[in-house]
Amino acid sequence: MDLRGKTVFITGGTRGIGKAIALKCAADGANVVVAAKTVVSTPKTPGTIYDAAAEIDAAGGRGLGVQVDVRDVASMESAIQQTIDAWPELLELAPDALL
């Protein structure tokens, strides 16, 4: 799928299925927002939003790491605003953290 110039917002995209979705979208040329809580890597929660964004860049997309708590409305509103500030046209929401 050609996603060049499109923006995908993925919650929980630092690991697992969310990260796989993010990297596939990046390979298809998308701008990918990784919206998650992890900003410090630990043995229990390896990888951060910044690590994922760098991998997205390396995979051919453009990554943006945004710290967010999906349980908090204000946090989600801020994350969406940061996304719009970076890339005004939002294509898809992939709520991996909610699955």
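Residues numbered from 1 in each chain as written. Predicted model: local features only at pLDDT ≥ 70, side-chain atom pairs only at ≥ 80, totals over all residues. Heavy atoms only, no water.

A. Looking closely at the overall build of the protein. A tally of helices and strands in the protein yields three helices and four strands. Walking the protein from its N terminus toward its C terminus, one meets helices and strands in the order β-α-β-α-β-α-β. Per-residue burial over the protein gives 38% buried out of 99 residues. Of the roughly 5500 Å² of accessible surface on the protein, a fraction of 58% belongs to carbon and sulfur atoms. (Helix = DSSP H or I, 4+ residues; strand = E, 2+ residues; numbered from the N terminus. Buried < 20%, exposed > 50% of the residue type's maximum accessible area, 1.4 Å probe, protein only. Areas by Shrake-Rupley, 256 points an atom, 1.4 Å probe, with all protein chains shown as cover.)

B. Region of the structure containing the pairing of strand 1 (residues 7-11). Within strand 1, five of the five residues are buried, which leaves it mostly tucked inside the rest of the structure. Here strand 1 shows two buried faces, one formed by Thr7, Phe9 and Thr11 and the other by Val8 and Ile10. Pairing of strand 1 with strand 2 (residues 31-36), which is carried by five bridges, proceeds in the parallel orientation. Directly across from Val8, in strand 2, lies its bridge partner Val32. Between the parallel pair strand 1 and strand 2, the chain is carried across by helix 1 (residues 16-27), and the sense of this crossover is right-handed. (Pairing = 2+ DSSP bridges. Right-handed = clockwise from strand over helix to strand, strands pointing away.)

C. Layout of the nonpolar core. Membership of the largest hydrophobic core comes to 13 residues, with the highest contact counts inside it found for Cys25, Ala30, Val32, Val34 and Ile56. Among the elements of the structure, strand 1, helix 1, strand 2 and helix 2 (49-58) are those that each provide at least two residues to this core. Ignoring sequence-local partners within four residues, the contact set of Cys25 consists of Leu3, Val8, Ala30 and Val32. If you look at the next biggest cluster of nonpolar residues, it comprises seven residues, including Phe9, Val66, Val68 and Trp87. (Core = buried A, V, L, I, M, F, W, Y, C linked by side-chain atoms within 4.5 Å. Contact = heavy atoms within 4.5 Å.)

D. Local environment of the side chain of Ser75. You can see Ser75 is positioned in helix 3 (residues 73-86). Relative accessible area serves as the criterion here: at 16%, Ser75 is assigned to the buried category. Of note is the side chain of Ser75, whose polar atom sits 2.9 Å from the backbone nitrogen of Asp69. Apart from the residues within four sequence positions on either side, Ser75 is in contact with Gln67, Val68 and Asp69. (Polar contact = N/O pair within 3.5 Å; in protein donor to acceptor, adjacent residues only side chain to side chain.)

E. Representation of helix 3. Along its 14 residues, helix 3 runs 20 Å from first to last C-alpha, staying within 8% of the 20 Å computed at 1.5 Å per residue. Of the positions making up helix 3, those classed as buried are Ser75, Ala79 and Thr83. In a view along the axis of helix 3, the buried residues occupy a sector of 75 degrees, so they form one face of it. Residues of helix 3 that are exposed and point over 90 degrees away from its buried face: Val73, Glu77 and Asp85. Lining the buried residues of helix 3 we find strand 1, strand 2 and strand 3 (62-67). (Expected span 1.5 Å × (residues − 1). Arc of directions from axis to C-beta.)

F. Fine view of the pattern of salt bridges. Under the defined criterion, the tally for this structure stands at four salt bridges. Between Glu55 and Lys19 there is a salt bridge, with the nearest N and O atoms lying 2.8 Å from each other. With Glu55 in helix 2 and Lys19 in helix 1, this pair connects stretches of sequence that are 36 residues apart. When its relative accessible area of 33% is taken as the criterion, Glu55 is described as partly exposed. Two residues, Asp69 and Arg71, come together in a salt bridge whose shortest N-O distance is 2.9 Å. (Salt bridge = Lys/Arg side-chain N within 4 Å of Asp/Glu carboxyl O.)

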